[in-house]
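Now for the letters of each chain:
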Amino acid sequence: MSAKQSSPRPQSGTDPYFPTHGDVRYHVHRYELTLDYRPAPNRLAGAARLTCLTGPEPLADVVLDFADFRITRVLVDGRTVRWTHRAGKLRLRPARALRPGAAFTVEVHYSGNPRPVRSEWGTLGWEELEDGSLVASQPIGAPSWYPCNDRPADKAAYQMSITAPSPYAVVANGRLLTRTTRASSTTWVYEQPAPTASYLATVQVGQYQQLQISAGPVVQTVYAPARLIASCVHDFAHQPAMMSLFVDVFGPYPFGEYAVVVTDEELDVPVEAQGLSTFGANHVDGRRGSERLVAHELAHQWFGNSVGVADWRHIWLNEGFAKYAEWLWSERSGGRGAAAHAAAAYAGLRALPQDLVLADPGRSLMFDDRLYQRGGLVLHALRGVLGEAGFFALLKEWAAIHRHGTVTTADFTSLAQHHSPRPLHAFFTEWLYAGTLPPLF
């Protein structure tokens, strides 16, 4: 297959795990968000402008996922329209149906106190901190702070202008274009041109200091509270070497920059966003105790962010690849080899229930640790089948041909077959479509 870069494919199905999220009838090309956030009262005022494209059918209404904010103005193509807002859905009704294949704009002005979405995995989206806020939306938290077409397959470019009190730093996706201070407030404008899933958009607000840990070829910056800067210098010191390794084995870094935000509070786990990852204060100990997580979140920039899932059934393509990247970093940096990590993971999984089907785990198991471990094991077993040259050629081609696109499990198994001297149908049936764990080799 060619290493030609792919563009996001047209999507045609509702996500089976979250059928009430997103609208497949149109595509958002670009979000322009203008936000003003006041941390003390947790008050957010915003204006969202969406540039969109209709699908193959006339569009009588436009449906956005959006939380319970006070809406003051709604426009479609610059004209006021009728709208309703209930049960997390903002429904707009233009005077005339929008033509098939037509470009159109939506503008929504709103304000309120952002609250995270409650889910079986805890709270998601905009989270108020003791002093500031963070956004961690995977998988359905994006509507907690801006109106969106909340489907992982509907990727768009973003520009965000965020105003906050001047003592606070604001970090968002992409490159910082401008930072302008007027009186006691500062406005930060960020641009992320790469196609971005709604759950990977983020804004982080805190009293952070900035630490640049690598100037190139990819600028890498850490934002952290002053009390944690010294520990961050040590704990993230290996990240530039991780970047070099992953560029070597996965191909070019897919974005323009990479930022890490360390909050002044504890988080259960770090979380990835487009070109950015967020860690809790508990992940920084001055002893590199969370180094595997540093590698894991960085690897998501290739697998999960650039190469995104068409729907959430395929989440192992995000998490299994990031898990295996942990093992590769350990192997290449003088730690335990990938084979030793795989053996330990295999032994652990053998002692647990054998009811997880990797290619379609179900909503309740999509973040189960067994999915991460078994996803890593699939790749290690495939490495044994393909050999070193074939396996690493596959990883590079996978990242290249689907750069900034969306994928399914079938896409991966098809490409893997091109790199295999023997049929892989039985191999993938056992590893991806059956619950029982097959032999490792």
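Parameters at a glance
- Residues numbered from 1 in each chain as written.
- Predicted model: local features only at pLDDT ≥ 70, side-chain atom pairs only at ≥ 80, totals over all residues.
- Heavy atoms only, no water.
- Buried < 20%, exposed > 50% of the residue type's maximum accessible area, 1.4 Å probe, protein only.
- Helix = DSSP H or I, 4+ residues; strand = E, 2+ residues; numbered from the N terminus.
- Pairing = 2+ DSSP bridges.
- Polar contact = N/O pair within 3.5 Å; in protein donor to acceptor, adjacent residues only side chain to side chain.
- Contact = heavy atoms within 4.5 Å.
- Phe/Tyr/Trp six-rings, centres within 6.5 Å; stacked < 30°, edge-to-face > 60°.
- Lys NZ or Arg CZ within 6 Å of the ring centre and 35° of its normal.
- Axes fitted to C-alpha atoms, helices over the stretch in contact; angles between N-to-C directions.
- Parallel < 35°, antiparallel > 145°, perpendicular 65-115°, else oblique.
- Left-handed = near helix turned anticlockwise from the far one by under 90°.
- Nonpolar A, V, L, I, M, F, W, Y, C, P; charged D, E, K, R; others polar.

### Quick notes on the pairing of strand E3 (residues 62–65)
Consideration 1: Because side chains alternate across E3, one face comprises the buried residues Val62 and Leu64, and the other comprises Val63 and Asp65, equally buried.
Consideration 2: Here E3 runs beside strand E7 (residues 89–93); their pairing, made up of four bridges, is antiparallel. Residue Val62 lies in a different strand from E7, and its bridge partner there is Leu92.

### Observations concerning the sheet that holds strand E14 (residues 175–182)
Consideration 1: Judged by pairing direction, the sheet is mixed, and its eight strands sit side by side in the order E5-E4-E8-E2-E1-E12-E15-E14 without closing on themselves. In the strand order of this sheet, the two ends are held by strand E5 (79–80) and E14, each with one partner.
Consideration 2: In terms of strand pairing, strand E4 (residues 70–76) meets E5 through two bridges, oriented antiparallel. Bridging from a neighbouring strand, Val76 pairs with Arg79 of E5.

### Here we look at the pairing of strand E17 (residues 209–214)
Here is the key point about a regular strand: its side chains alternate between the two faces of the sheet.
Consideration 1: Here E17 pairs with strand E18 (residues 219–224) via five bridges, running antiparallel. Looking at E18, one finds that Gln212 is bridged to Thr221.
Consideration 2: Turn length for the E17-E18 hairpin, with the two strands adjacent in sequence and antiparallel, is four residues.

### Focus on the side chain of Arg370
Consideration 1: By secondary structure assignment, the location of Arg370 is in helix H6 (residues 369–401).
Consideration 2: Judged by relative accessible area, which is 11%, Arg370 ranks as buried.
Consideration 3: In this structure the side chain of Arg370 is engaged in a polar contact, spanning 2.6 Å, whose partner is the side chain of Asp355.
Consideration 4: Contacts of Arg370, omitting those with residues within four sequence positions, involve Leu349, Leu352, Pro353, Asp355, Leu356, Leu365 and Gly375.

### Describing the packing of aromatic side chains
Consideration 1: Inspection of the entire model under this criterion finds 32 aromatic pairs.
Consideration 2: Taking the centre distance of 5.2 Å and the plane angle of 80° together, the rings of Trp398 and Phe412 count as edge-to-face. Highlighted residues: Trp398 in helix H6 and Phe412 in helix H7 (residues 409–418), separated in sequence by 14 residues.
Consideration 3: The class for Phe412 is buried, based on a relative accessible area of 0%.
Consideration 4: A ring pair is formed by Phe427 and Trp431, whose centres lie 6.4 Å apart and whose planes are at 45°; its orientation type is tilted. On the criterion of helical spacing, the pair formed by Phe427 and Trp431 is a turn pair, its members being four residues apart in helix H8 (residues 425–432).
Consideration 5: Note that Arg332 overlies the ring of Phe392, its terminal NZ or CZ placed 5.5 Å from the centroid.

### Looking at the packing of helix H5 (residues 338–350) against H6
Consideration 1: The N-to-C vectors of H5 and H6 enclose an angle of 135°; their axes lie 10 Å apart at closest approach. By the angle class used here, H5 and H6 are oblique. You can see that H5 and H6 cross each other, and the crossing is left-handed. Between H5 and H6, the contacting residues are Ala338, Ala339, Ala342, Ala345, Tyr346 and Leu349 on the first element and Arg370, Gln373, Arg374, Leu377, His380 and Arg383 on the second.
Consideration 2: Grouping the constituent residues of the contact of H5 with H6 by class yields seven nonpolar, two polar and three charged.

Just geometry here; none of it tells us what the structure is for.
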